[in-house]
Amino acid sequence: MSLRVTSGKLDIQSGSISCNLQDGKAIVRCTIAIEVLRDLADHSMLNWSTDVEAFGLLIPEIERLASIKYRLGRLEENGDLLLCTVDLLRYGFSRPRDAEGNPTELNWRIAAE
């Protein structure tokens, strides 16, 4: 089962944002490192101005990464999930999507400039 961000208060710190995720019955605390959030936002080519705005735009990607890590049982000792830079290397980036949610066409010429 996939984890979903629950409604409620975000815990916003200088180096991370934490939220609650739910898999239908269990609630898991998830902390996302700011570097991960910014890397995801940049990769997704999102137009964002604050980390909180980027978090809101990236909920599906956060849920995807957290669900993979949760299914693999890669929890912290206290039962929380921590999404850090190494998780992007382990579980990968998803393909950027346009405003309608369709995968964008990659333009390597622009990316290389």
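Below, the structure is looked at part by part. (Residues numbered from 1 in each chain as written. Predicted model: local features only at pLDDT ≥ 70, side-chain atom pairs only at ≥ 80, totals over all residues. Heavy atoms only, no water.)

## As for helix α1 (residues 34-43)
Here's step 1: Looking at α1, one finds that the buried residues are Ile34, Val36, Leu37, Leu40 and Ala41. Buried residues along α1 cover an arc of 160° about the axis, so they all sit on one side.
Here's step 2: Just beyond α1, the residue with positive phi is Met45, at close to 55°. (Buried < 20%, exposed > 50% of the residue type's maximum accessible area, 1.4 Å probe, protein only. Helix = DSSP H or I, 4+ residues; strand = E, 2+ residues; numbered from the N terminus. Arc of directions from axis to C-beta.)

## Focus on helix α3 (residues 59-71)
Here's step 1: Taking 1.5 Å of rise per residue, 13 residues should cover 18 Å, and α3 covers 18 Å from first to last C-alpha, within 8% of that figure.
Here's step 2: Within α3, the full set of buried residues consists of Glu61, Ile62, Glu63, Leu65, Ala66, Ser67, Ile68 and Lys69.
Here's step 3: One or two residues past the end of α3 sits Gly73, with phi positive at roughly 75°. (Expected span 1.5 Å × (residues − 1).)

## A few points about the state of the cysteines
Here's step 1: The final tally for this structure, using the stated rule, is 0 disulfides.
Here's step 2: Looking at the unpaired Cys19, the closest cysteine sulfur is the one in Cys30, lying at 5.1 Å.
Here's step 3: Classification of Cys19 by relative accessible area gives buried; the value is 1%. (Disulfide = S-S within 2.5 Å.)

## What about the nonpolar core?
Here's step 1: Cys30, Ile32 and Leu37 are the most contacted members of the largest nonpolar core, which totals 24 residues.
Here's step 2: Only β3 (16-22), β4 (27-33), α1, α2 (51-57), α3, β5 (81-83) and α4 (85-91) provide two or more residues apiece to this core.
Here's step 3: It is α1 that provides the largest number of residues to this core, a total of 5 residues. (Core = buried A, V, L, I, M, F, W, Y, C linked by side-chain atoms within 4.5 Å.)

None of the figures reported here should be taken as evidence of function without further support.
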